Amino acid sequence: DHLIDAVRPDPPSQHGMKLLVHEYLTNHDQATGERLEGIFERWVTAGPGAQKLMENAPLLQAAEPRAQQLVVLGNIGIEALNYIGKNQAAPANWAQEKLALIDQAQKPVGLVRFTVLDPLRDLVKAVQK
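For clarity, every value in this text was computed on a predicted model and none was experimentally measured.

Participant: Please set out helix α4 (residues 64-85) residue by residue, giving values where relevant.
Facilitator: An ideal rise of 1.5 Å per residue puts 32 Å on 22 residues; α4 measures up with 32 Å between its terminal C-alpha atoms. Of the residues one or two after α4, Asn 87 is the one with positive phi, at around 55°.

Written as structure tokens, this is what we have:
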């Protein structure tokens with residue numbers, strides 16, 4: 001099977017992430033921030049394992065960039081939460097660079113798309129400049 005055969009087209013995580021980010025940006029609730037951070041940390045942790053699986057499975061190799069992007073996206077989320085949580089401004093061009101990486105992840109790869117990019121964009125845009 002290809003990766004596209006294994007992923008859900010409209011996963012619950014898509015809506016759950018949108019709700020969590022909205023809740024966090026509205027209330028700056030620590031528990032919600034911790035839930036988001038846990039999600040982003042799992043992305044960072046899962047990336048290398050997924051990449052290794054993809055390297056050894058010819059049908060999955062077309063989607064291998066997604067494993068690399070998952071780590072990048074997880075790190076973007078963690079960084080955004082840190083800036084927002086500390087009420088700290090990001091370095092110059094930080095948001096622009098991170099939004100460009102999110103835009104890159106929006107492009108099709110192996111017929112698999114990320115469904116959580118809009119809420120991640122919202123987090124990045126909420127970081128002080």
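Picking up where we left off.
Participant: Account for the packing of aromatic side chains, naming residues and giving values.
Facilitator: Counted according to the given criterion, the structure contains two aromatic pairs. With a centroid separation of 5.1 Å and 75° between ring planes, the pair formed by Phe 40 and Trp 43 is classed as edge-to-face. Of the two residues, Phe 40 and Trp 43 are both situated in helix α3 (residues 30-55); the distance of three residues between them amounts to about one turn of the helix. There is no split in this pair, since Phe 40 and Trp 43 are both buried.

Participant: Account for the nonpolar core, naming residues and giving values.
Facilitator: Grouped together as the largest cluster of nonpolar side chains are 28 residues, with contacts concentrated most on Met 17, Leu 36, Phe 40, Trp 43, Leu 73, Trp 94 and Leu 123. Put simply, the parts of the chain that give this core at least two residues each are α2 (12-27), α3, α4, α5 (94-106) and α6 (117-126). Looking at which element gives the most residues to this core, the answer is α4, with eight residues. Ignoring sequence-local partners within four residues, the contact set of Met 17 consists of Leu 36, Ile 39, Phe 40, Trp 43, Val 116 and Pro 119.

Participant: Tell me about α5, residues and numbers included.
Facilitator: Compared with an ideal rise of 1.5 Å per residue, which puts 13 residues at 18 Å, α5 spans 19 Å between its outermost C-alpha atoms and is within 8% of the ideal. Turning to α5, its buried residues are Trp 94, Ala 95, Lys 98, Ile 102 and Ala 105. Down the axis of α5, the sector holding all buried residues measures 90°, keeping them to one side. Looking at the buried residues of α5, the elements they touch are α4 and α6.

Rules used in this analysis
Going along each chain's sequence as written, the residues are numbered from 1 onward. Restriction of local features to residues with pLDDT of at least 70 applies here, the model being predicted, together with a cutoff of 80 or more for giving and counting side-chain atom pairs; totals for whole chains, interfaces and linings are based on all residues. Derived side-chain values reflect all non-hydrogen atoms in the structure, with water molecules and hydrogen atoms excluded from consideration. In this text, helices come from DSSP runs of H or I with a minimum length of four residues, and strands from runs of E with a minimum of two, each type numbered from the N-terminal end. By definition here, a helix of n residues has an expected span of 1.5 Å times n minus one. Centre distance within 6.5 Å is the pairing criterion for rings of Phe, Tyr and Trp, where only the six-membered ring of Trp is used; planes under 30 degrees apart are then read as stacked, over 60 as edge-to-face, and the remainder as tilted. Each residue is placed in one exposure class: buried if its accessible area under a 1.4 Å probe, protein chains only, is under 20% of its type's maximum, exposed if it is over 50%, and partly exposed if it falls in between. By nonpolar core is meant a set of buried Ala, Val, Leu, Ile, Met, Phe, Trp, Tyr and Cys residues that side-chain atoms within 4.5 Å join together. Note on definitions: a residue-residue contact is assigned when non-hydrogen atoms from the two residues lie within 4.5 Å. Taken from the helix axis, the directions to the C-beta atoms give the arc we talk about.

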